[in-house]
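The lines below spell out each chain.
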Amino acid sequence: AGHGNYYFAEDTTALGDLVDRELDNLDATTATSVRVVLAPAVGVEVLEAYGYPLERADGAVIIPIADLRSGETRKVVVQLRVTASRLGAMTLGRVTVALRDADAAERTLQLTATAEVTDDRNERTSGRDREAVRVIEAARTATVIDTAAGLYEQGDRAGALRLLEAKRKDNEQLAHELDADDDEIETLLNGPIGAASGAFARPAAAAPDSRRATINARRDAYDLVR
């Protein structure tokens, strides 16, 4: 929930080093109480922020990011439902990033999010921002991996593998539509899917390292969504 670092310690001898590393990083904290506040426009509904909780207050949506260290970055992918009344430019809402700096002073940065509404499928496809699409699909891939890990833990290995395979095919189609480098898509999106599929290929009840398989898959999902 605090969006810190994710570690898998297979034995207790590693815990001391992990805790020391995290405590050392506290000295590099430059921003605390970081949050993204979304004030959606009329006709816009915030459905989900992949990997983050949502808090709703007075018509706004607050996404807590926790603390940030010097040089650290976060990405936040938000799913919206938009009801457009006409074609053309549309305001989606106001976005505010708020934080407390090293001197405990409150700082904010605001911008207005806009979109272009079109009924031309070719225009929509050609106008997509390639980097934004990759970030979005990384978050969606993370959700699929996390859901598949849950199915695998419940004994539904076939369901987990079907889910992963469907998303793998979607990602390949995405690469084709974007005319993207296959290695890039394979590394960013289908690499973690392949690792999870390989780990989930064995029945959970029969695999002595099934717990490791689900933890590693969820770690990959966590890294993708951040």
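Residues numbered from 1 in each chain as written. Predicted model: local features only at pLDDT ≥ 70, side-chain atom pairs only at ≥ 80, totals over all residues. Heavy atoms only, no water.

Undergrad: So what about the overall build of the protein chain? Which residues, and what values?
TA: Scanning the protein chain from N- to C-terminus turns up six helices and seven strands. Counting helices and strands in the order they occur from the N terminus, the protein chain gives α-β-β-β-β-β-β-β-α-α-α-α-α. Expressed as lengths along the three principal axes of its C-alpha atoms, the size of the protein chain is roughly 55 × 50 × 35 Å. By residue count, 31% of the 226 residues in the protein chain fall in the buried class. A sequence separation of at least 24 residues applies to 67% of the contacts in the protein chain between residues at least 6 apart. Surface exposure of the protein chain reaches about 13400 Å², of which carbon and sulfur atoms provide 50%. Charged side chains of the protein chain number 28 positive and 39 negative; the gap between the two group centres comes to 4 Å. (Helix = DSSP H or I, 4+ residues; strand = E, 2+ residues; numbered from the N terminus. Buried < 20%, exposed > 50% of the residue type's maximum accessible area, 1.4 Å probe, protein only. Contact = heavy atoms within 4.5 Å. Areas by Shrake-Rupley, 256 points an atom, 1.4 Å probe, with all protein chains shown as cover. Lys, Arg positive; Asp, Glu negative; His and termini not counted. Charge placed at Lys NZ, Arg CZ, Asp CG, Glu CD.)

Undergrad: Explain the sheet that holds strand 7 (residues 106–117) to me, and be specific about the residues and the numbers.
TA: Ordered by their spatial adjacency, five strands build an open sheet running 3-4-1-6-7, and the pairing between neighbours is antiparallel. The open sheet has two free edges, formed respectively by strand 3 (55–57) and strand 7, since each of these has just one partner strand. Across the sheet, the axes of successive neighbouring strands diverge by a mean angle of 30 degrees, strand direction being ignored. In this structure, strand 3 lies alongside strand 4 (residues 60–69), joined through three bridges in antiparallel fashion. Paired with Glu55 across the strands is Ile62, a residue of strand 4. (Pairing = 2+ DSSP bridges. Axes fitted to C-alpha atoms, helices over the stretch in contact; angles between N-to-C directions.)

Undergrad: Tell me about the packing of aromatic side chains, and please be specific about residues and values.
TA: Tallying each qualifying case throughout the model produces one aromatic pair. Consider the rings of Tyr152 and Phe200, whose centres lie 4.4 Å apart with planes at 20 degrees: the pair is stacked. Of the two residues, Tyr152 sits in helix 3 (residues 130–153) while Phe200 sits in the loop between helix 5 (182–199) and helix 6 (210–225), which places them 48 residues apart along the sequence. (Phe/Tyr/Trp six-rings, centres within 6.5 Å; stacked < 30°, edge-to-face > 60°.)

Undergrad: Outline the environment of Leu109, listing residues and values.
TA: The topology assignment puts Leu109 in strand 7. When its relative accessible area of 56% is taken as the criterion, Leu109 is described as exposed. Sequence separation between Leu109 and Ala98 is 11 residues, and the spatial gap between their C-alpha atoms is 6.6 Å. With residues up to four places along the chain from it excluded, the contact list for Leu109 reads Val95, Thr96 and Val97.

Undergrad: Describe in detail the environment of Ser197, supporting the description with residues and values.
TA: Along the polypeptide, Ser197 turns up in helix 5. The spacing of Ser197 and Ile145 is 52 residues in sequence and 9.2 Å in space, taken between C-alpha atoms. Sequence-distant contacts of Ser197, defined by excluding residues within four places in its chain, comprise Leu161 and Leu164.

Undergrad: An account of helix 3 is requested, with residue identities and associated values reported.
TA: Here helix 3 spans 35 Å end to end across 24 residues, near enough to the 34 Å set by a 1.5 Å rise per residue. Backbone nitrogen of Glu131 and a side-chain oxygen of the N-cap are separated by 3.0 Å at the start of helix 3; the cap is Asp129. In the stretch just after helix 3, Gly155 is the one whose phi turns positive, near 95 degrees. (Expected span 1.5 Å × (residues − 1). Polar contact = N/O pair within 3.5 Å; in protein donor to acceptor, adjacent residues only side chain to side chain.)

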